Amino acid sequence: MKVDVRQSSLRDADAALVAVGLFEGGSFADGVVGPGSDDAKGTFRSMTLLYPGEPRRLLVVGLGERDDFDVEKLRVLAALVAGEAKKLEATSLAWALPAAEDEEAAAEAIVTGTILGSYRFDRFKGSGKDDEGPRLETLTVLGPAELAGAVETARIYSEAANRARDLQETPANFAKPEDLARRAEEIAAGSDKVTVEVFDGDAIRAKGMGGLAAVSQGGPVDPRLITLRYSGAGSGPTLAFVGKGVTFDTGGISLKPGAGMQEMKFDMSGAAAVLEAFAAIVELGLPIDLLTVVPSTENMPSGTAVKPGDVITQYNGKTVEVNNTDAEGRLILADALAWTVEQGAERVIDLATLTGAVLVALGSTYAAVISNDDALASEIAAAGEESGELVWRLPLHPEYKEMMKGTVADLSNLGSKREAGTITAASFLEEFVDGTPWAHIDIAGTAWDVNRAYTGKGGSGYGVRLLVQLVRDLVD
Ligand code: BES
Ligand code: ZN
Ligand code: ZN
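Residues numbered from 1 in each chain as written. Chains lettered and ligands numbered in written order. Predicted model: local features only at pLDDT ≥ 70, side-chain atom pairs only at ≥ 80, totals over all residues. Heavy atoms only, no water.

Asker: Would you take a moment to explain the pairing of strand 18 (residues 438–442) for this structure?
Answerer: Looking along a regular strand, one sees side chains alternate from face to face of the sheet. The element strand 18 is extensively covered by neighbouring structure, given that five of its five residues are classed as buried. Burial of strand 18 is two-sided: the residues Trp438, His440 and Asp442 facing one way and the residues Ala439 and Ile441 facing the other way are all buried. Relative to strand 18, strand 15 (residues 367–371) runs antiparallel, the two sharing four bridges. By the bridge assignment, valine 369 is partnered in strand 18 with isoleucine 441. (Buried < 20%, exposed > 50% of the residue type's maximum accessible area, 1.4 Å probe, protein only. Helix = DSSP H or I, 4+ residues; strand = E, 2+ residues; numbered from the N terminus. Pairing = 2+ DSSP bridges.)

Below, the structure is given as structure tokens:
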């Protein structure tokens, strides 16, 4: 989407649809809006379409109470306005910046809500494509020219989030480990500050990455371990993102029930988020040294599949009893985390659709963050509040760690009790970061079907905006 900023009156805003906010109990200065404006309501989410002549179509958007107004509400409204634009088949939209304490944040919210709210995945819709009508092509924020930087930044990370959604939505017969690797190579090709390294199955086995090898051995699809490196001339510690890239999770021999299994194409949402967040950070030229690592495989049952009770050796030499083959994410992340730390990461953040338990605990509103480092955990929580991609911290404790001990091996990939599934999974991961400041974000509840106005059903791209915001805050 083309996005720009223009200082212009509503009357002169040259767009197929012009949106202007109205607070509860507020009113427009005489003549600004024209006839019919008395009918417009300021109630949050109310939309009143007027035909004043100049502009041709004016949509009055209820902002709600002035005191309750925030950027999250504005993201929601921007998505609703994008929906109205679609109904009207408008290809250009202008949005008058509402009065806000932080005008840059408000401008970003309009851009984000519009771009995320206009998202469609129609790659596999042949003839039906045209039924959906034309796409919104341009968004103009009506406001001071100084907002141009914020608007461009928001365009970059919002489009990155939509690219992550494309990766998420792409079915598992089209999005394989090699396809994630190809995307990483494409990202690297776009900048001389980025390099990429990709291990195939043979290299993974030769390196002793026993978790990724074990999970992949049940199917014919070759796994990948992808490493992207960005030298952004950062002055702080090297940051690393790690993303779970299970392109389809059947559960393996511990087979999942059939109902809903198609959703497991989304089990690479962590990988999608870290790849596209990385791409956005590079595009924004943020001054940081950043690593991004993606272990990617399918998890399939077969005569060659890993079996419950099998013992494997992870990349850092620890042995693990695979007591449930459906707890595969932690096995591939264990190798990836140990590898990432060995590559010089000084702060590590992993994103993974790791446990169904997080959905029980937090639903789709908050992701869980679990960390061995208070500062990192609070920085992530702050970035969550700013971006609207919320996280809530859960604890670590030696008693949880106790639950992950193995009978014949160092560790088990399955807790000795069913309780605290999200935390025990994280406790397992902690065994592979060698004391490095680390945060694990379980996105199994937030990666799809979030049903917010700007994410809707399907892949949400969760994590892209959170990670970009975090890095913006870190380099600030
Ligand atoms: N990919 C799943 C987690 C998941 C479940 C994500 C539902 C989204 C929705 C993960 O690999 C898994 O199956 N985890 C198991 C772990 C258990 C066997 C300890 C789970 O959560 O049931
Ligand atoms: Zn699983
Ligand atoms: Zn999984």
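Having put the structure on the table, let's press on.
Asker: Quick question: what am I supposed to make of the domain arrangement of the protein chain here?
Answerer: Interface size is commonly expressed as the accessible surface area that is lost when the partners come together. As far as domains go, the protein chain holds domain 1 (2–122 + 130–156) and domain 2 (175–475). Distance between the C-alpha centres of domain 1 and domain 2: 37 Å. Taken together, the 14 residues of domain 1 in the interface contact 11 residues of domain 2. In total, about 1,100 Å² of surface goes out of reach between domain 1 and domain 2, with carbon and sulfur atoms giving 60% of it. Together, Arg75, Leu116 and Ile156 form the three largest contributors to the area buried by domain 1 at its contact with domain 2, with a combined 47%. Counting across the domain 1 and domain 2 interface gives two salt bridges. (Domains from an automatic or database assignment. Contact = heavy atoms within 4.5 Å. Buried area = accessible area lost by both parts, 1.4 Å probe. Salt bridge = Lys/Arg side-chain N within 4 Å of Asp/Glu carboxyl O.)

Asker: I tried to follow helix 1 (residues 71–87) on my own but got confused; where do I start?
Answerer: An α-helical turn contains 3.6 residues, so any two residues separated by three or four positions project in the same direction. Its 17 residues give helix 1 an end-to-end C-alpha distance of 24 Å, which sits within 8% of 24 Å, the value for a rise of 1.5 Å per residue. Listed in full, the buried residues belonging to helix 1 are Leu74, Arg75, Val76, Leu77, Ala78, Ala79, Val81, Ala82 and Ala85. (Expected span 1.5 Å × (residues − 1).)

Asker: Where do I start with the coordination of the zinc ion (ligand 3) in this structure?
Answerer: Ideal values for angles at a metal depend on the geometry: 109.5 degrees with four tetrahedral donors, 90 or 180 degrees with six octahedral donors. Within the protein, the atoms that donate to the zinc ion (ligand 3) are Lys244 (NZ), Asp249 (OD), Asp267 (OD) and Glu328 (OE), at distances of 2.0 to 2.4 Å. Metal-centred angles of 76 to 172° between the six donor atoms at the zinc ion (ligand 3) mark the site as octahedral. Donor residues for the zinc ion (ligand 3) sit on one chain with the sequence pattern K-x4-D-x17-D-x60-E. Between the two metals, the zinc ion (ligand 3) and the zinc ion (ligand 2), the spacing is 3.2 Å, and aspartate 249 donates to both. Here glutamate 328 lies in the loop between strand 13 (319–322) and helix 8 (329–342) and lysine 244 lies in the loop between strand 9 (239–243) and strand 10 (245–249), a separation of 84 residues in the sequence. For lysine 244, a relative accessible area of 2% translates into the label buried. The class for glutamate 328 is buried, based on a relative accessible area of 0%. (Donors = N, O, S within 2.8 Å, 3.2 Å for Na, K, Ca; no water. Tetrahedral: all angles 85-135°; square planar, octahedral: opposite > 155°, others 65-115°.)

Asker: What's the story with the coordination of the zinc ion (ligand 2) in this structure? I'm lost.
Answerer: Listed as protein donors to the zinc ion (ligand 2) are Asp249 (OD), Asp326 (O), Asp326 (OD) and Glu328 (OE); their distances from the metal cover 2.0 to 2.2 Å. Coordination geometry of the zinc ion (ligand 2): the six donor atoms subtend angles of 72 to 168° at the metal centre, consistent with an arrangement described as irregular. Each donor residue of the zinc ion (ligand 2) belongs to the same chain, with the gaps between them written as D-x76-D-x1-E.

Asker: Explain the packing of aromatic side chains to me, please; I cannot follow it from the model alone.
Answerer: To describe a pair of aromatic rings, you give the distance between the ring centres and the angle between the ring planes. All told, the structure shown has nine aromatic pairs when counted by the stated rule. Between the aromatic rings of tyrosine 230 and phenylalanine 278, the centroid separation amounts to 6.3 Å while the plane-to-plane angle is 80°, which identifies the pairing as edge-to-face. One end of the pair, tyrosine 230, is in strand 8 (residues 224–231); the other, phenylalanine 278, is in helix 7 (residues 269–284), with 48 residues separating them in the sequence. An aromatic cluster is defined as three or more aromatic residues linked by ring pairs; in this entry it consists of Phe121, Phe124 and Phe174. (Phe/Tyr/Trp six-rings, centres within 6.5 Å; stacked < 30°, edge-to-face > 60°.)

Asker: Teacher, can you tell me more about the side chain of threonine 422 here?
Answerer: Structurally, threonine 422 is set in helix 12 (residues 421–430). A distance of 2.9 Å separates polar atoms of two side chains, one belonging to threonine 422 and the other to threonine 355. Excluding its chain neighbours within four sequence positions, the residues that come into contact with threonine 422 are Thr355, Ala357, Val358, Ala368, Ile370, Leu394 and Asp442. (Polar contact = N/O pair within 3.5 Å; in protein donor to acceptor, adjacent residues only side chain to side chain.)

Asker: Before we go on, may I ask you to explain the site of ligand 1 in this structure?
Answerer: Ligand 1 sits among 16 residues. The nearest are Lys256, Asp267, Asp326, Glu328 and Gly356. Within the side chain of aspartate 267, a nitrogen or oxygen atom sits 2.9 Å from a nitrogen atom of ligand 1. Here glycine 356 contributes a backbone N or O atom positioned 2.8 Å from an oxygen atom of ligand 1. Burial of ligand 1 by the protein amounts to 78% of the accessible area it has alone, namely 520 Å². Of the residues in the shell around ligand 1, the class split is five nonpolar, four polar and seven charged. (Near = heavy atom within 4 Å. Areas by Shrake-Rupley, 256 points an atom, 1.4 Å probe, with all protein chains shown as cover. Nonpolar A, V, L, I, M, F, W, Y, C, P; charged D, E, K, R; others polar.)

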